[in-house]
Structures are given as C-alpha cells and as structure tokens.
Amino acid sequence: MKKNTFSTKGLTKVYGEGRSAVHALRGVDLDIPEGEIVVLLGPSGSGKSTLLNIIGGLDRATEGDAFFQDQNLSQMTDKELTRYRRDHVGFVFQFYNLMPSLTAHENVELVTEIARDPMDPDEALAMVGLRERVDHFPAQLSGGEQQRVAIARAVAKNPTVLFCDEPTGALDSTTGRAVLNVLKDVNEKLGATVMIVTHAASQAAMADRVIHFADGAIREVVVNKNKLTPEEIDW
Amino acid sequence: MSPLDHKLLRDLWRMKGQAFAIGMVIAVGVGMLVMMTGLVTSLNETRAAYYERYRLAEVFAPVTRAPDRMAARLAAIQGVGAVEPRVVGGALIDLADFDLPVQAQAVSLPDLREPRLNDVFLTDGRMIDSDHSDEILLLQAFARAHDLRPGDRISATMNGARRSFRIVGLAQAPEFLYTTAPGELIPDDARFGVIWMSRSALAAAYDMDGAFNEALLSLSRGANEAAVLDAVDRILDPYGGTGAYPLADQPSNQLVSEEIGGLEAAAIGVPPIFLAVAAFLLYIVINRMVQSEREEIGLMKAFGYTNGEVGAHYFKLVLAIAIGGALAGCLMGIAGGRALIQVYVAYFKFPFLVFQLDPASFVTGVSVSILSASAGGLLVLRSVFALTPAAAMRAPAPADYSRTGAMGRTLNQWLDQPSRMVLRRITRQPGRMAGAMIGIACGMALSVSMITIYAGFDRTIDLTFNVMDRSDVTVSFTHAASEKTIFELRRMEGVTLVEPLRHVPAVLRNGLDTHRGVVSGLAPGARLGRALDSDLAEIPLEGGGIVLSTALATKLNIRPGDILTVEVREGRQPVLQIPVTAVAESLLGAPAYMDLAALNRALREPNRVSGAYLTIDEARATEIYTALQDMPTVAGVSLKSQAEIAFQTLMNTGAGAIRYVMGGIAFVITFGIVYNAARIAYAERSRDLASLRVIGFTKGEVAFVLLGELAIVTLVALPIGGVLGYYLSFGIAAGFSSELYQIPAIFDPASYGFAAMVVIGAAVASGWLVKRDIDRAELVSALKTRE
C-alpha cells in the first residue's frame, strides 16, 4: 500500500469572530496517497482553497491536525512552515502571481536559488515548453505562457507536492489543456503529488482521486479508475 | 546577480518618480545640515588662519600715556609672548561726498620694521615710508565706500589740528573686519575709517613721543589669560590704564564671533527640524510603499523565503533610496556650502578662504536618513510578516465602510455619490488620512515658521528704529562734557528736541558671567531714547537701580532684585554695586539703562553728558550738520536713517541672510510632502479610480474623488500646521537671535496667510500633476495593475 502524502483529522478553519464568523472548513478528515493527481471540486466558498492553503503551509487551521508524511503541520512554528514550503511545496495560482519586474527565467531562478535540490531553471522552462521566451517579462507573455512560467517556477525545486489553485481558470481550452498536460508530465516524471483545485468538473477525469467539497466539508471522495489525458477531456 | 537584486533594480526604476521625490526631501534635509555645518567650520577655520597669519594680538591694553620702557616690563610678564606698543587716536576725516565728517581711528605702524603684532594685509599700493610723515594706509572697505585710491589726498583732523595726507596704499587687518563708530552698534564701512601711519608721525600728532597709549600682547602656549590681564593692569595702572581686555572682547572680533555664532546657532537649531520633517515623511512614504508590495511579500513567503530574506530585500530597497538621497544631499550641501561661503568670505572681508567640511554632519545626515527609512520599512514589514502568506497574498479585504451608514443617511440628501466616497474614505481610514494630514501639517509648520521669521526681522527693525529710538540724530562728545553743551544744542536753529545721555564704558559682572559694554544714562521722562518693557510700556528709571535688556540679563544670568557689579572703565574707574530693577525689551545690542542723574551720582561726576539725542527739522539738516561740525566737543554725529540702512544691510547680508536660503528649502520640503501625499493617495486608489471610469464616470468626476480627498486633508492640515508652526518659530527665532540683535517669534496673521497660500499652491500643483496621470491612465491596464 502507498504511503500518504497528507492526512488530516478534524481540520477546522474559522475566519472572523462572533456573529460575523465564517466557517471555511468544518472538521475535514482526509488521506492523500503519494504520487497521485488529486482534483478538489466544489463551488466557490466550499473550502477547497482553504484546505489547499493549510496543507500547503500558507495558512493555519483553527482546530484539528494536518500531517505531511508524518510531520504535524499544525504544530510547526513559522520557521518550520517556511522550511517545509521551501523544501517540499510548489504552488501554481489562478492569476499566475509572477513577479512583474523579473523575466521568466528570473522568476524561476527566484525559487531555484533557495531550494534544497533544484533543477536547472532552463530545464524547468523546457519542461513547460518555454525554451524561447525565457528573457521576456510577464507583461510580454500571454496568459497561458505566464501560467507555464508559474508552473516551471513551481516544479523547478523538484517539489514533493504541487498545489494548483484554479490553474486554468483564466485560460482558454487550448492553453488550458497544454497547462494540464504539463501538470500531468510533472506528476509522471517527478513523481510529485499534484493537487488541483478547480470548479471545472470535467477536469476530474484526469485525476486519480476526486474530492467533492460543499459547505466546508467533504461530500464525497471518488477514486478514478479510468484516467483520461487532457486532450480527451471535454472543456 | 540574484533574481531578487534584479527585482530590486527594476522596482527602483519603476518607482523612479516617487523614489526621486523621497530622495530629494532627504537630500534637502541632509544638504542643509552639511551646508550649514560646513559653512560654520570653514568660517571658523578661515578666521583662525587669518588671525594667525597676521599675528592678531590676544590682549589689548589701552592706557592714557605710558613710557616706551614699560613695554619691556609687559614683555616680562609670565605667559606673554610678544608685545607691540603703539599709538592710536581718534580722527575726523573730511569727505567731499559727505555732509558730516566721518569718524576714524588712526593707528601707528612701527618705523623701519614689521609690526610684531596686528600686521596689515596690503591690498593696493605700497607700505608707508616713515620718512614721509604725510603718508597713510587707508582701510580698504572704507576707501571703497568712498571711491578713494592710492595717490588720492584726504584731510583729517587729529588732536584738534587739521592736516592733509597722501594715501599710498589700501589695507585690510584682522582687527578691523568690522568697523563701528564709537557709541554705535551697527558696523558700517562707510561711516568709520581706519588710517595707518608711521609711529613717529602719529606720535608727533598725538604728543606721544617716547610713549604709547595702547599695548598689544600675544600669549605663550598655556598662559593664564586672567593672570596676564591682572599683571598688565597693575603695570599700566599708574599711567592711566583703563583695563586690559582679551581678544574675545575686541569689538571687531566680537561682531565676527556674533555673526559666526548666529550662523552656528542656525546651523545647529534649524537643519535638525528640517531633517526631522524629512525623516517623518520618509517613514510615511516607505511605510505605504511596502504596504503596496504586500502580495509579492506573501508570494515570496509562499515559496519558502524567510522573513529575514524578504526583510533584507525591502531593506535594501529602502536603503538604496535613503542612501541615494543622503549622498545627493551631501553633494548638494558641499556645492551649496562652497557657493555660500564665497558670499560670507566677502562679507567678513577675509582675504582668503580655508574650505573645510564637518565629517560629523555627513555621518549624522546619512544615519538619520537610514534610520528613519528603515523604521518606516521595518514597522510595516513586521505587520505584513504577522499575516500568513495566504492572507498576505489576498488583496486586503475591502475597507469596512459599514459603520458610516448613519452618516450616510443624514448626508444622503446633501451629497452626491463621489462626495460621499470622499467623506467615507476620510472618516473610515483615519489612520491613513492622519499620516497624510500630519505630513502636510509639517510642511505648513515649516513654511509658517520661516515666514514669521521674516516678519520677526522686520519687527526688530521697526521696534528698534521707530518705537525705541525716536530721534533723528545722535551726537557723541569727545569726553563727558558739562550740561552746558546740551543748552548749546537746544539753541541751534532747526533742532526741535534735545535729550542728554551719558554712555559709560564698563564691565558688568555677576559672579562668573561678565559683559564688556556700556551703561547708558537717560534723562527722566525721556521721549527719544527709552527703556521699554515687553508690552512696549516705558520703564521708569528713577532711583539708583539699573535696567538690563533681556539679552544682557540672560547673558549675565541675573534677575530683577539681584545686585550687579559695574566696573567702570572711565575716569576714576570706580567699582559699583547696583541693584537690577527691571528687564527691558531690546532687540538690538545688549544695552543697560540708568537714570542719568543717578549714574552721575554714582560716578561722583554731577551734570555730565557724553552725547545727546536730537530731533531736527529736515529742511535745515545741512545747516545743523555744519554747526555740529564746528562744535569742538562733538566727536561724532550719526543719523538714524543711516544706522537703519546699515542694520538692514547687516541682517540681509550676514548671518540673517541665510533665512532666505532656509525659506527656499522649507518650500522645497513643503512641496515634496504635499506632492508625495497626492502620489500615495493616487497609487492606493488607481484601481478604484479606473473602475469608476469603466462604469462611466468622467475624468473630472474621478479626479474629484481623489483630489477632493487631498483638498480636505490639506484644509484640515492648515490650522494644525499653523499651531505647530507657531511653536516651531520660537526655536527658529532663537536660532537666528544673537547678542547683536534678537529676532522675536511673533504671531503675524499675514505670515500665516502667506504660508497657507504656499501649501495650497503646492497642493494645487500636485493635484494638477496627479490629475494629468489620471487622465492618461489606460483603463484596462490600470485595472490589471496590482496595487
């Protein structure tokens, strides 16, 4: 049996206090085996991004435990969380979040400079098919290209786990497919666990495991036996 | 190069406009500090070098008539280096271009050798030949004022005899940097001359063959000055010594010290105020700048950059601006100092310049800039670090305007949508508004305080020449004459009022604090020259007490009721103990007043006067001057109108002139503050403003939302800045006041109005610059740009 990359117990997140409190997560229990592509589905505000932020070490749970391998993220200090993100986690965001003042190559370097065992920035950019435009600034790149730079940046550190929050949310179908293909490659070539938050249900078809969210809780977990390639997905 | 350093450089380039504005504010603050301290250091060094090169004496010992052999006795005093006995005497020079004869001092130069002390610097012509008794050197400044050149002849009255002299050369001397006629306070090149003659010629004129009436002494290293002064007085006392005094009390040196001291006080007192305002502004701006980088900070943290690494990155950015500004400031300060020092070297009549900078001012300037910039950056970084990366990367939640609901309902019928946006932003983000408001208030305060200082200078002139001294002419006598002289003056045609006065040279002493000056005896009920209190009410002088000016009371650390020791330096030279009865407002000099009769009683010289205040009929002025010239007792005549012009010149060319430079700098800082406030407001809201344009607001309406806010903040800042400026003006006025003249911190409504105009002008100009950017902004890209 495969080991779990993540497991959570009673994970709860509350924003605000008193009457204006918002329960983003209401006691989530979850296991994610290593090396899988996991898609988290659900409407906005259902808690999927919040979960991603917590197990990605970007935010803290109000209650409950989240384990990465056998380390409890909930008990880590800020310093340890920083170490965890630096060594193990790659992020891809919906709006790419590239540094506008750095070129594509430099944006990737930003990560390789501090990672423990990075790949060459050029290699990472080659993986996402951006060998040509490495010296362009984000403003000179299309949305799809920017997202590919963001992915290159995320994978360049050889992450254990890759978090993607709506990675195709701002892209058309062709570009979106290309991006998903890159994610699939990363999963296959690097063995990284890839977690994708989306509300495009069709993308679940390429996942090993699909987790449905509603109202801050998991409604259903589906294990997908017949994975499709991104090209085969309905957009 | 690390990618973060690439980011640093490109960020700097992207924000170059704002970085430049911040850098300039720092530069101006630092530049002023460097310039002022450099100026003071250079002037002090130059003066010291000039004194040393021309061997200026360290002790001056006037005496009535001492035989030459006493010079050897003086030289034998322990601690005395060189001794130079000389002859000095008063003279009146007749000039074609002047109604009045001009007072002068004749000074001897040794025959056939260089003077051991008090050498002269020959600027034109040649030295005198002691074989020709009619050859003289003339003080260069005086010669210039009257267009006299080597080769010209002048006639002068010495010791009652009128003689003709040939000018062979023009000279400067460190002991005559400033020349002030006896009994006057304000130096004036045109109204007091110095004549150098050979010792033999001058001794003949003043009946001083084989004798001297002034000894100059230099001190050896480590000499005890007080002991030397005592010893000199003991030796010269039998010959009518009136008290040896040190260089510090020498009139010209005293004035130079006052002027440099005035600059120094301004250098110490004013730049820190400017620098503090610049530092505060820097703090606010850097704080906002880092705040706007919130998302990028969150992102870097998401990648696993530590707080230290992110902090170091922004610290470098802040440091680049602060150090850049501070270095530019140092360069500006050096350039400004070099330009200004030329003006002052000419003003002080130094024949050469020793330019020196004060390294401490660089260190202070640069470190204050770095500290305030880092404080601004680090404080906000701390608050960003306190957020989780997830929270930092989200745009901050929309500010909560819900609690303005009540206000909204009452105001809804009054205000349109944009006005409500302006009001709500101001009321709901009071912290940010307060930052901008305090910044602008500081600018207002700087402007107010500098402009009221201008008014303070005018007030000093007005009080001195129109309120305190109401005479037209002041006459001084050759010696303390009998009251009969006053009756003679009263009988003159065209003289409308005559008031006697007596000036007695004296050393005033209270414990260890001393002042070498003059006690003025005024007639009871005097109307022309008066002692006034701070409410400008006359202070009665009746009784035996003495009234001191504020400056003198402060210098001597004495209060009404205390007893002052007055060591008279005239006649029998009695030492008197006189109670201080009141403190008088005086903005010029450091006078001490007594009742004339009481003063004469204390001196046991009844019915004596040394001069008089006159009012005259302008139409008969020339006639009166001629008559005065013919009176043998009259040593000098000075016109108030000339004194006023001389004073104005002094304040506008000396230490006082720096106020215009400072005023200019205050304006630059004020503009910098207001412009930055407008820029920051625009940067914070560019996305909102673009959204407004997208939904159909016109450019004008959008500009109103932003500029309305700037307008309200500016208007609120004005009164607050006015109050701050009122208090600031006390500090700045103290910085400009010297022993020679005092500058009052006054409340002058016109100054406040003018300062408000300056700030509003800066706000309008800034608003216009920002409005231009709003008009030019491309909607789509503005919506896309991050905050």
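Everything numeric in this text was worked out from a predicted model, so none of it was measured.

Our next topic: the overall build of chain A. Along the backbone of chain A there are 6 helices and 10 strands. Scaling as 2.2 N^0.38, a compact globule of 235 residues should have a C-alpha radius of gyration of about 18 Å, and chain A matches this with 17 Å. Seen along its three principal axes, the alpha-carbon backbone of chain A occupies a region of about 50 × 40 × 40 Å. A total of 235 residues make up chain A; the buried ones form 56% of that total. Look at the contacts in chain A between residues 6 or more apart in sequence, and 71% of them connect residues 24 or more apart.

Okay, the environment of H132 of chain B next. Secondary-structure assignment places H132 of chain B in the loop between β5 (121-125) and β6 (135-139). Between the C-alpha atom of H132 of chain B and that of V28 of chain B, which follows or precedes it by 104 residues, the distance is 58 Å.

Glancing now at the side chain of R530 of chain B. Its place among the elements puts R530 of chain B in the loop between β14 (513-522) and β15 (546-549). One polar contact links the side chain of R530 of chain B to the main-chain carbonyl oxygen of V467 of chain B, over a distance of 2.8 Å.

With that settled, consider the packing of helix α5 (residues 143-155) of chain A against helix α6 (residues 173-190) of chain A. Residues and elements named next belong to chain A. One can describe the packing of α5 onto α6 by two numbers: an axis separation of 9 Å at closest approach and a directional angle of 15 degrees. Classified by the interaxial angle, the pair formed by α5 and α6 is roughly parallel. Considering the relative orientation of α5 and α6, their crossing is right-handed. Taken together, the residues of α6 that come into contact with α5 (itself represented by G144, Q147, R148, I151 and V155) are T175, V179, V182, L183, V186 and L190.

Take the pairing of strand β4 (residues 102-109) of chain B next. All names here are of chain B. Among the 8 residues in β4, 7 count as buried, and that is most of the element. The sheet contact formed by strand β3 (residues 88-94) and β4 spans 6 bridges and is antiparallel. In the strand pairing of β4, V88 is matched with V107. For β4 and strand β9 (residues 192-198), the ladder comprises 7 bridges, and the chain directions are parallel. Residue pairing in the sheet places S108 in a bridge with M197 of β9.

A few words on the packing of helix α2 (residues 16-53) of chain B against helix α10 (residues 359-386) of chain B. All names here are of chain B. Where α2 contacts α10, the two axes come as close as 9 Å, and the packing angle between them is 165 degrees. For the element pair α2 / α10, the angle class is roughly antiparallel. As α2 packs across α10, the resulting crossing turns out to be right-handed. Along the contact surface, α2 presents I26, V30, L33, V34 and T37, while α10 presents S361, F362, T364, G365 and S369. Here the residues of the contact of α2 with α10 are counted per class, giving 5 nonpolar, 5 polar and no charged.

All names here are of chain B. Between its first and last C-alpha atoms helix α6 (residues 225-236) spans 16 Å; for 12 residues at 1.5 Å apiece the expected length is 16 Å, and the two agree. Looking at α6, one finds that the buried residues are V228, L229, A231, V232, I235 and L236. One face of α6 carries all of its buried residues, which in axial projection span an arc of 165 degrees. Of the surrounding elements, those touching the buried residues of α6 are β1 (59-67), α3 (70-75), β2 (80-86), β10 (211-219) and β11 (245-246).

Quick look at the interface of chain B and chain A now. With 23 residues of chain B at the interface, the matching set in chain A holds 26 residues. Around 2,200 Å² of area is buried between chain B and chain A when both sides are counted, 61% of it from carbon and sulfur atoms. For chain B, the biggest contributors to the area lost against chain A are P3, R10 and F303 of chain B; these three give 29% of the whole. Taken together, the connections running from chain B to chain A amount to 2 salt bridges. Two residues, R10 of chain B and E106 of chain A, come together in a salt bridge whose shortest N-O distance is 2.6 Å. Across the chain B-chain A interface, the total number found is 9 residue pairs in polar contact (both at pLDDT 80 or more). Elements that contribute at least two residues to the side of chain B that touches chain A include exactly α1 (3-14), α8 (294-303) and α11 (389-393) of chain B. For the side of chain B that touches chain A, the residue count by class is 10 nonpolar, 5 polar and 8 charged.

Residue and element names in this part refer to chain A. What the 4 strands build is an open sheet, ordered β2-β1-β4-β5; its pairing is antiparallel. What marks the edges here is a single partner per strand, and that holds for β2 (22-33) and β5 (71-72). The sheet contact formed by strand β4 (residues 63-68) and β5 spans 2 bridges and is antiparallel. Bridge pairing in β5 links F67 to N72.

Before going further, it helps to examine the pairing of strand β7 (residues 161-165) of chain A. Residue and element names in this part refer to chain A. Counted residue by residue, β7 has 5 buried out of 5 residues, so it is predominantly covered. Of the two faces of β7, the one holding V161, F163 and D165 and the one holding L162 and C164 are both buried throughout. Sheet topology note: the strand β6 (residues 89-92)/β7 ladder contains 4 bridges and is parallel. By the bridge assignment, V92 is partnered in β7 with C164. Relative to strand β8 (residues 193-198), β7 runs parallel, the two sharing 5 bridges. Bridge pairing in β8 places C164 opposite I196. Where the polypeptide runs from β7 across α6 and back to β8, its parallel neighbour, the crossover connection is right-handed.

Cut-off values and rules
- Residues numbered from 1 in each chain as written.
- Chains lettered and ligands numbered in written order.
- Predicted model: local features only at pLDDT ≥ 70, side-chain atom pairs only at ≥ 80, totals over all residues.
- Heavy atoms only, no water.
- Helix = DSSP H or I, 4+ residues; strand = E, 2+ residues; numbered from the N terminus.
- Rg over C-alpha atoms; globule rule 2.2 N^0.38 Å.
- Buried < 20%, exposed > 50% of the residue type's maximum accessible area, 1.4 Å probe, protein only.
- Contact = heavy atoms within 4.5 Å.
- Polar contact = N/O pair within 3.5 Å; in protein donor to acceptor, adjacent residues only side chain to side chain.
- Axes fitted to C-alpha atoms, helices over the stretch in contact; angles between N-to-C directions.
- Parallel < 35°, antiparallel > 145°, perpendicular 65-115°, else oblique.
- Left-handed = near helix turned anticlockwise from the far one by under 90°.
- Pairing = 2+ DSSP bridges.
- Nonpolar A, V, L, I, M, F, W, Y, C, P; charged D, E, K, R; others polar.
- Expected span 1.5 Å × (residues − 1).
- Arc of directions from axis to C-beta.
- Buried area = accessible area lost by both parts, 1.4 Å probe.
- Salt bridge = Lys/Arg side-chain N within 4 Å of Asp/Glu carboxyl O.
- Right-handed = clockwise from strand over helix to strand, strands pointing away.

Remember that the coordinates give geometry; whether it matters functionally is a separate question.
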